[in-house]
Number of protein chains: 2
Amino acid sequence: MNIESLKLFCLVVDEGSISQAARLSFVSQPAVTRQINQLENFYGTLLFDRTNGKMIVTEIGKILYPFAKAIIHDFERSKEVILLQQGEYHLNLRIGASFTIGEFLLPSLLGKFKKQRPEIKVTLTIKNTPGVLLDLSNDVIDLALVEGFVETNHLLVKKFAEDELVLVCPPDHKWRNRQDVPIDELVNERMIWRESISGTRHIVESILKEYGVLDRTINYMEIGSTQAIKSAVEAGLGISILPKLAVAREVEQGQLIKVNITKIDLTRNLWMVQKPQRFNRKGLSDFVKFVKSSI
Amino acid sequence: MNIESLKLFCLVVDEGSISQAARLSFVSQPAVTRQINQLENFYGTLLFDRTNGKMIVTEIGKILYPFAKAIIHDFERSKEVILLQQGEYHLNLRIGASFTIGEFLLPSLLGKFKKQRPEIKVTLTIKNTPGVLLDLSNDVIDLALVEGFVETNHLLVKKFAEDELVLVCPPDHKWRNRQDVPIDELVNERMIWRESISGTRHIVESILKEYGVLDRTINYMEIGSTQAIKSAVEAGLGISILPKLAVAREVEQGQLIKVNITKIDLTRNLWMVQKPQRFNRKGLSDFVKFVKSSI
DNA sequence: CATAGCATATAACAAATTGTTATACATTGA
DNA sequence: TCAATGTATAACAATTTGTTATATGCTATG
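Everything numeric here is computed off the predicted structure, so don't read it as measured data. (Residues numbered from 1 in each chain as written. Chains lettered and ligands numbered in written order. Predicted model: local features only at pLDDT ≥ 70, side-chain atom pairs only at ≥ 80, totals over all residues. Heavy atoms only, no water.)

(A) Geometry of the packing of aromatic side chains. Enumeration over the complete set of coordinates arrives at 14 aromatic pairs over all chains. Their ring planes at 80 degrees and their centres at 5.0 Å tell us that Phe113(B) and Phe287(B) sit as a pair that is edge-to-face. Of this pair, Phe113(B) sits in helix H5 (residues 99–116) while Phe287(B) is found in helix H10 (residues 282–294), placing the two residues 174 residues apart along the sequence. Taking the relative accessible area as the measure of exposure, Phe113(B) reaches 1% and is therefore buried. Using a relative accessible area of 0% as the deciding quantity, one classes Phe287(B) as buried. Following the ring pairs from residue to residue traces out a cluster consisting of Phe9(A), Phe48(A) and Tyr65(A). Arg281(A) extends its terminal NZ or CZ atom over the ring of Tyr89(A), reaching a point 4.1 Å from the ring centre. (Phe/Tyr/Trp six-rings, centres within 6.5 Å; stacked < 30°, edge-to-face > 60°. Helix = DSSP H or I, 4+ residues; strand = E, 2+ residues; numbered from the N terminus. Buried < 20%, exposed > 50% of the residue type's maximum accessible area, 1.4 Å probe, protein only. Lys NZ or Arg CZ within 6 Å of the ring centre and 35° of its normal.)

(B) Expanded view of the interface of chain A and chain B. Between chain A and chain B, the contact holds 31 residues from the first and 31 residues from the second. Its largest share of buried area at the contact with chain B, chain A owes to Ile82(A), Arg278(A) and Phe279(A), together 20% of the area lost on that side. For Arg278(A), the salt bridge goes to Glu40(B), with nearest N and O atoms at 2.0 Å. For the side of chain A that touches chain B, the secondary-structure elements that each account for two or more residues are helix H1 (3–15), helix H3 (29–43) and helix H4 (59–90) of chain A. Examining the composition of the side of chain A that touches chain B, we find that 15 residues originate from one element, H4(A), more than from any other. Here the side of chain A that touches chain B is built from residues that sort into 16 nonpolar, eight polar and seven charged. (Contact = heavy atoms within 4.5 Å. Buried area = accessible area lost by both parts, 1.4 Å probe. Salt bridge = Lys/Arg side-chain N within 4 Å of Asp/Glu carboxyl O. Nonpolar A, V, L, I, M, F, W, Y, C, P; charged D, E, K, R; others polar.)

(C) Focus on the protein's contact with DNA strand D. If you check the shell around DNA strand D, you find 18 residues, and the closest are Arg34(A), Gln35(A), Gln38(A), Ser19(B) and Arg50(B). Close to the protein, within 4 Å, the atoms of DNA strand D belong to sugar or phosphate groups at a rate of 52%. Between DNA strand D and Arg34(A), the relevant distance is 2.3 Å, taken from a base nitrogen to a side-chain nitrogen or oxygen of the residue. Contact between DNA strand D and Ser19(B): a phosphate oxygen at 2.6 Å from a side-chain N or O atom of the residue. Elements that contribute at least two residues to the surface near DNA strand D include exactly H3 of chain A together with helix H2 (18–25) and helix H3 (29–43) of chain B. (Near = heavy atom within 4 Å. Polar contact = N/O pair within 3.5 Å; in protein donor to acceptor, adjacent residues only side chain to side chain.)

(D) Broad picture of the layout of surface pockets. Roughly 780 Å³ of volume is contained in the largest pocket. Tyr89(A), Asp139(A), Gln277(A), Leu46(B) and Thr58(B) are, among the 30 residues lining the largest pocket, the residues nearest its centre. Mapped onto the lining of the largest pocket, the elements with two or more residues apiece are H4, strand E3 (92–97) and helix H6 (129–137) of chain A together with strand E1 (48–49) and helix H4 (59–90) of chain B. Take the lining of the largest pocket: its biggest share by element is five residues, from H4(A). Residues that form the lining of the largest pocket fall into these classes: nine nonpolar, eleven polar and ten charged. At the level of secondary structure, the elements contributing two or more residues to the lining of the second largest pocket comprise strand E1 (48–49) and H4 of chain A together with H4 of chain B. Broken down by element, the lining of the second largest pocket gets its largest block of residues, three residues, from H4(B). Partitioning the lining of the second largest pocket into residue classes produces six nonpolar, six polar and nine charged. (1 Å grid on protein atoms, 1.4 Å probe; cavity = no way out; pocket = protein on both sides within 12 Å on 5 of 7 lines; lining within 4 Å. Points joined across faces, edges and corners; volume = space filled by probe spheres on them.)

Written out as structure tokens, the structure is:
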């Protein structure tokens, strides 16, 4: 039993005409005729008296009418109420980001987005990359913005920006006037690292390993915060390889010295990761579009 | 939107399982899966959380549930109420019959039928044939039982019995000891007729006309009642051609003399006439079957 | 009273929907 | 780990729904 049929039935009752009901419903007249016929067959009785080509509802049709109206009403309400509920859903956006992205890239980006779409409520959660991806798979966030090494297992991954990793040293370091430093010279330098599950560290380690330098550097210190690492380097405790994004201001103001590693490109991609969902929050696709267009 | 889909949705919610819902509905599991999917697509949202293969209704599904229940309930009620109404309809049977059939054939027939089906309420209306057919076309009766000459125009006509027309004369008539009377001898006899629209008269006239006798008989009297004609013949006012059914008892008791007209068969058919209706009263088809089987 | 205009019904066919079976994939529990 | 169970998907048949073309029947109008 189709609710549309009941809707047509009511319309024919109200209009007293199949043709008129068809016009109002933007379907052909035979379509309405058949719907009414099927309704009559279903209930096993005539719903209209067709004497003289007029459609006059029968006694039994009059009995059906309020039931049909009630069904239609409930159905329409169900659509409305769910749509309302959906509204809140779609206007909520939960973003997770790794430290570098969350602390240095997203704040201004989110600011611009909120200016364009103030009605969308954004929640930003900053964790290390594995934590963010865990949140994603647990449906705690709708979108993950992370750097490096995402297994594409059941996840939608798309590059949305690049960031360069740069070697920084204190202003009084011996490399302070060098443009380039060959990678070999990193040997015996005191390296300050992020914690071992950090996306940034993962990338740096794999590069150094590739060049056989990793094992010969001095793992001098591990600090769980980029901000703290910067302070440590500034204080002359060692050197570090950090995202350009994170040290841009300190380098500009001379608190840190940026040194290129000869011939080595430490550019890595930044990824947007989504879980493939049958129904996404509308705010999500809007934000994804915004990020793509603004970077 | 199909009410069956909503029913399945509720069943899946209640059972927490698509497979179980499929079993209870006697359809295949993929059929239920797709119904649920289409429902989700229609509302643009997930109605179930399928984590770990379980079907747990979502918040929005919980919103839909009472609406679906209400719709299903109203729909079921509409079926019940209409069926109830139908009951009265189907147990009512309005029969119309022409005089001869209504007065001499139907009473015992209806008695037997009521003994078999006491729950069916029968209304019998007796009129002349055109009146009965008019009632039929005006939906005042459901079944007409008439003799002769029914235009098959939009009507379902079926022979259900035969009746013979017989010539009757008073017991002191000159033909009282004759077995046969040639048709020519009818000339100059005082004929007593039914009214001109009577089915019986129609048939008799056409036979007499066929043999060229009609214009030479004496149209002595027209009486609107078979019973009155019988009395008139008995009183010696003339002769008449009447249905065998109507004179059987009087002939047996010697109050009227039956005379055959040589070599002429005045057997005529009795007809059951129905309007072709899309939905007939059940009592009607039952009565039609009863009549066919009992005659 | 014939006929144009309007309404419903029916037939034939295309498109969409619904059901089926077979099969893939994921989870659970022995 | 593997069998058992449950959901999803693909491919196909059967049914349903819409369409256009056309028949039929009533009403109003000249």
